[in-house]
Each structure stands twice: as structure tokens, then as C-alpha cells.
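As a plain string of letters, each chain reads:
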Amino acid sequence: ISQPRLNLTPAQVAEAAMRQATAPPSAVKRSAALTKDAASALGVRDYSQAHSVATQAIELNPRNAQAYNFRAIADNKLQRYNDAVYDASAALGLAPGNSPALQSRSWALNNQKKYKEGLADANVILESEPENPYAYQNRAFALAGLGQREEMLSSLKRSAELDPRFQPRYEA
């Protein structure tokens, strides 16, 4: 599943990821190293490089959930939201309930104006991590798209309380 396929639901993508064959140990080790390289590229905001290296990691080990999520993050930063939903869904198929993958997918869904789905992912994160300011940000994004202003402001306020970096968004 290293290349996005059209017309698959997130659930179908997750199922396909689980059906991938197990990679040999040497490929798993190399994939893990490439995944670290993808994280480093994300850290310096080289999103094209992060995407490329994460893709290599996935090709070596199609069960590398972290590589799928790093590629989803790069997809989001490159405004490739369909691809980000696909990759985050694959990560979730391999690591159900993974908060970073849910975060990536929520952001991508919100940017596709699929606010109900984005809100659902943000709410899943908040059930297990009620102190996650990023989930509150995604929740606010979705609620704004759904026209629920008071609830949006409440989520922005909570996010700012948890992380002062979000204060300007609440005050805007």
C-alpha cells in the first residue's frame, strides 16, 4: 500500500494495511532507520524529503505504522490531504487508536471540509488524552466548519489553557 489508491474508505485502507506480508528482519531494521530519517526531515521542515524517506521505509516494511504516519504528516504539510487521509488510515489499521495518526487524519479531513469525520477523530483522541491541546485545535477547526461557534470557542480556549502557544488563536 505504498501508493494511495482512489475510492477507498479509511476502513478499507486500514484493512489492506493489516493484510500486508511481514518483511524480513533486515528490511524491518532498515525501515526503522529510514523512519528516524523521516522524523529528522520533518523536524527541519523538509517535507518532501520526509515524504520520500517515509515512502522508502514503507516499501521495505509495509507494516511500519510510524512511517505511514510520518508520511501522512508530510502529506498534510504539502497540502496533499487525500494522501494524508490514506496514509493516516493505513497507520491506524496497523496501530489502532494511535493518537498521532488520528491527529494527522483529523487535520486532513478538516482540510477536505469533512468536518464530521475530522471531529470524530479529534473526539477519539480526547477520550484517551483529555489534555491534548492539538486535539482541541482539530476539534475547533471541525466545529468552525460545522458552524458551531460557541463549541469552537470552548475548544480553542481549552487548547490555549493547555498550551500557551495556542493563546493567539483563541484571542483572534
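Heads up: these notes are all about the structure in this document. (Residues numbered from 1 in each chain as written. Predicted model: local features only at pLDDT ≥ 70, side-chain atom pairs only at ≥ 80, totals over all residues. Heavy atoms only, no water.)

Comments concerning the nonpolar core
The nonpolar side chains of a soluble globular protein tend to be buried, and buried together. The biggest cluster of nonpolar side chains holds 27 residues, and the ones touching the most others in it are Ala38, Leu42, Ala50, Tyr68 and Ala91. For this core, the secondary-structure elements that each account for two or more residues are helix H2 (25-43), helix H3 (47-60), helix H4 (65-77), helix H5 (81-94), helix H6 (99-111), helix H7 (115-128) and helix H8 (133-145). Of the residues forming this core, the biggest block, six residues, is contributed by H3. Sequence-distant contacts of Ala38, that is, excluding residues within four places in its chain, are made with Ala50, Val53, Ala54 and Phe70. (Core = buried A, V, L, I, M, F, W, Y, C linked by side-chain atoms within 4.5 Å. Buried < 20%, exposed > 50% of the residue type's maximum accessible area, 1.4 Å probe, protein only. Helix = DSSP H or I, 4+ residues; strand = E, 2+ residues; numbered from the N terminus. Contact = heavy atoms within 4.5 Å.)

Quick word on the packing of aromatic side chains
Under the counting rule described, the total for this entry stands at three aromatic pairs. With a centroid separation of 5.2 Å and an interplanar angle of 70°, the aromatic rings of Trp107 and Phe141 are classed as edge-to-face. Placement of Trp107 in helix H6 and of Phe141 in helix H8 is noted, with a sequence separation of 34 residues between them. On the accessibility criterion, Trp107 (36% relative accessible area) is partly exposed. (Phe/Tyr/Trp six-rings, centres within 6.5 Å; stacked < 30°, edge-to-face > 60°.)

Quick word on the packing of H4 against H5
At a minimum axis separation of 8 Å, H4 and H5 run at an interaxial angle of 160°. Compared by their axis directions, H4 and H5 come out roughly antiparallel. Remark: the crossing between H4 and H5 carries left-handed chirality. When H4 is examined against H5, the residues Ala65, Tyr68, Asn69, Arg71, Ala72, Asp75 and Asn76 are found in contact with a partner set consisting of Tyr81, Asp83, Ala84, Asp87, Ala88, Ala90, Ala91 and Leu94. Class assignment for the residues of the contact of H4 with H5 results in nine nonpolar, two polar and four charged. (Axes fitted to C-alpha atoms, helices over the stretch in contact; angles between N-to-C directions. Parallel < 35°, antiparallel > 145°, perpendicular 65-115°, else oblique. Left-handed = near helix turned anticlockwise from the far one by under 90°. Nonpolar A, V, L, I, M, F, W, Y, C, P; charged D, E, K, R; others polar.)

A word on the environment of His51
Examined against the element boundaries, His51 turns out to sit in helix H3. Residue classification places His51 among the buried positions, given a relative accessible area of 18%. Here the alpha-carbon distance between His51 and Glu150, two residues 99 residues apart in the chain, equals 37 Å. Filtering out sequence-adjacent residues up to four positions away, His51 remains in contact with Arg71, Ala74, Asp75, Leu78 and Arg80. Of the polar contacts made by the side chain of His51, one reaches the side chain of Asp75; its length is 3.0 Å. (Polar contact = N/O pair within 3.5 Å; in protein donor to acceptor, adjacent residues only side chain to side chain.)

Considering the environment of Ala32
Inspection of the secondary structure puts Ala32 in helix H2. Given the relative accessible area of 38%, Ala32 is considered partly exposed. As a C-alpha pair, Ala32 and Leu60 span 28 residues in sequence and 9.4 Å in three-dimensional space.

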